[in-house]
Amino acid sequence: MTQTRQTVFDIRIISGVILSTIVICLCSFMLFANNSNLGIVTAQFIDSGSMLSNYVDMVRTGDFNQSKQYHTSIYGWPGNNIIIWSMWAVGAHTIETQALIARSASFIFSILTILALSCLFYFNRASKVLSVVGLLLLVAWPPFVTFAYQIHPEAFGLFFGTTSLIAATYFVRHDQRSFWLYSSWGLAVLAFLSKQPFLIYLIPPVIIGFNSLLKSQRKLFFFIKTSIAFITIGALMVFISDPYIFLEFPIFWEKQVAIHTHHLSISNSLTTSLSSWANIIVFDDPWFLVGLIFSVVAIYRSKNLVVVSAAWANLAFLAVLIVALKFFFLRSYLYPALPTVLLVVATSQSYILPAISRALTTVLVGLALVFITQSAVRSAGILMTDSQFSQTANVQAVKRLQEIQGHNLTLVYSNSLPIDATLYKKAYGNFTFSPQPALNEQLKTVQPDIIITDNAWPFSDVHGYEQAAQALKMEKFELKIAGANPNACEYQDTTLLKACIAVLSGESNKSENHTYYIFVTADYMEQVRKIVSLPINTN
């Protein structure tokens, strides 16, 4: 009873509960924002909107085969199944309810991650000061806040990864029963299935299992038993997450090959990758750099096997960033390493000399509080910017563009635009197309009547579409629309602190002009001219 009472009233646990409550109070309103239109949800967050479209389609048809879809075939299977079955169980028929369920799942797992991380600190006897600071860093970091209300697999991966470390801790420090090692492995597999970069959570149970093998008196028996258990549990987790991976493996594999081939086609050189990630790690998110330094020390000095394995996971994640994630250089890609980095740093007092540890703690807390304050301002600005998405030029442009419609019309549009595809014979979001040179050939096959691109959206290859449109003898028009800037304060960019402050103070420019390019065949030229010449109304 005394031990339980001490656990409940430990500052690390209390901090987790308080911060979870604060996040719920400050961010939960975003679960209800802009859910009335599927197109707007899709346009606001490109990937999460596409995943929501997949969920809605599967629930509507009753075909839960994720391998046939685009985004749900690539990653996120545990979270996908949780959301899909929740929608099915609730019987959600309106887009408001469906979007709310999908967002709520990410939000709930984000809150659970905060609580799980506080427990991880407690079970590993981490520094109370550094634990609280680590939790503050987590809840203030813009990608964590944004993914809490977006429909993304990261929240699920982070929760499963953190709980995997808790199970590993219980095995190492409290109870050597195989149940905890197998649980750690199963949860790590779920983290990996949530998104591939979470594969680093497979490392701790493997290291801990190998250490147990070395200590075992029946090494061959232990090896065979553990290997069979790991393979069986891994296969079971895959089947539970998405049985169609096994049932229709060729379709699943085809999708995997397609997306990884696409990523290879747009990947940069190792030199570029190294320099780009170094810039992000040193100047934008130094917490990861600090974690790497502490990881090297922990590997040599820590006697806590969970901390040592987490340190190896951090170094492995650096290799994953540089070698595998060469196509985009986004700070949100550091997301999987949050629990392992924070654990290694928060337990540093156990493997660094006391005098040095106290000095380092003082310096780390001071630097961390500066970073946390800046992050909190950015996160607040992002929340305000995202909540005002219905006032952006994107939504205003759609009201204009959807006056061009026809059941015989084939449309290709930028995925940043919430176009209602049901208005047309066929409609394609250009995010699904490959980059040059395949773009020309694919558009020839589609034979679009109209192509619409967003010049402000960085993933819209306007030049590539212009070349393809010229080959199809299409005319080009410009449409300028005034509206709020959807990227006024954006979670991937750390250079926008002033912009975020301007958003919070109400001084940001809410009537910026955005340019959309419309490429059209002769059959619809008159309709487009009427749309472009109409007076712009942003109300």
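The structure this text deals with has already been given above.
Here is what the cut-offs are and how they apply
- Residues numbered from 1 in each chain as written.
- Predicted model: local features only at pLDDT ≥ 70, side-chain atom pairs only at ≥ 80, totals over all residues.
- Heavy atoms only, no water.
- Core = buried A, V, L, I, M, F, W, Y, C linked by side-chain atoms within 4.5 Å.
- Buried < 20%, exposed > 50% of the residue type's maximum accessible area, 1.4 Å probe, protein only.
- Contact = heavy atoms within 4.5 Å.
- Salt bridge = Lys/Arg side-chain N within 4 Å of Asp/Glu carboxyl O.
- Helix = DSSP H or I, 4+ residues; strand = E, 2+ residues; numbered from the N terminus.
- Pairing = 2+ DSSP bridges.
- Axes fitted to C-alpha atoms, helices over the stretch in contact; angles between N-to-C directions.
- 1 Å grid on protein atoms, 1.4 Å probe; cavity = no way out; pocket = protein on both sides within 12 Å on 5 of 7 lines; lining within 4 Å.
- Points joined across faces, edges and corners; volume = space filled by probe spheres on them.
- Nonpolar A, V, L, I, M, F, W, Y, C, P; charged D, E, K, R; others polar.

Trainee: If you had to explain the nonpolar core to someone new, which residues and values would you point to?
Mentor: Judged by nonpolar contacts, the single largest core of 123 residues is most densely connected at Leu52, Tyr55, Ile114, Trp287, Phe288, Leu321 and Leu334. Leaving out residues up to four positions away in the same chain, Tyr55 has contacts with Thr72, Asn80, Ile83, Ile84, Met87, Ala102 and Ile151. In terms of nonpolar packing, the next biggest core, distinct from the first, is built from 24 residues, Leu401, Ile419, Ile450 and Val520 among them.

Trainee: Tell me about the pattern of salt bridges, and please be specific about residues and values.
Mentor: For the structure shown, the criterion picks out 8 salt bridges. The partner of Asp63 in a salt bridge is Lys68, with the nearest N and O atoms 3.7 Å apart. Relative accessible area serves as the criterion here: at 44%, Lys68 is assigned to the partly exposed category. With its nearest N and O atoms 2.8 Å apart, the salt bridge here joins Asp285 to Arg331. One end of the pair, Asp285, is in the loop between helix H15 (270–284) and helix H16 (286–301); the other, Arg331, is in the loop between helix H17 (305–324) and helix H18 (338–346), with 46 residues separating them in the sequence. For Arg331, a relative accessible area of 2% gives the class buried.

Trainee: Please set out the sheet that holds strand S1 (residues 406–413) residue by residue, giving values where relevant.
Mentor: Across the sheet, which stays open at both edges, the 5 strands sit in the order S2-S1-S3-S5-S4 with mixed pairing between neighbours. Two strands close off the open sheet at either side, each with one partner strand: strand S2 (424–429) and strand S4 (475–483). Between one strand axis and the next, the sheet turns through 20 degrees on average, direction left out of account. In this structure, S4 lies alongside strand S5 (residues 512–520), joined through 9 bridges in antiparallel fashion. Paired with Lys480 across the two strands is Thr515, which belongs to S5. Contacts between helix H22 (residues 462–471) and the sheet are confined to S1, strand S3 (450–454), S4 and S5, with S3 contributing the most and set at about 165 degrees to the helix.

Trainee: How would you summarise unusual backbone geometry if you had to cite specific residues and measurements?
Mentor: Notably, Arg125 is not glycine yet its phi reads approximately 55 degrees, a positive angle. Looking at the element boundaries, Arg125 is found in the loop between helix H6 (95–123) and helix H7 (128–140). Look at Gln447: it is not a glycine, yet its phi comes out positive at around 55 degrees. Examined against the element boundaries, Gln447 turns out to sit in the loop between helix H21 (438–446) and S3. A residue is classified by how much of its surface remains accessible, and Gln447, at 49% relative accessible area, is partly exposed.

Trainee: Tell me about empty space enclosed by the protein, residues and numbers included.
Mentor: By the definition in use, this model includes 2 cavities of 30 Å³ or more. Considered as a void within the structure, the largest cavity measures approximately 40 Å³ in volume. Contributing to the lining of the largest cavity are Glu154, Lys195, Pro197, Phe198, Ser332, Tyr333 and Pro336. Across the lining of the largest cavity, the residue classes tally to 4 nonpolar, 1 polar and 2 charged. Size it by volume and the second largest cavity reaches roughly 40 Å³. Forming the boundary of the second largest cavity are Met51, Tyr55, Gly76, Gly79, Asn80, Ile83, Ile151, His152, Pro153 and Phe156. Within the residue set of the lining of the second largest cavity, elements represented by two or more residues are helix H4 (46–61) and helix H5 (77–90). Looking at which element gives the most residues to the lining of the second largest cavity, the answer is H5, with 3 residues. Its residues assigned to classes, the lining of the second largest cavity comprises 6 nonpolar, 4 polar and no charged.

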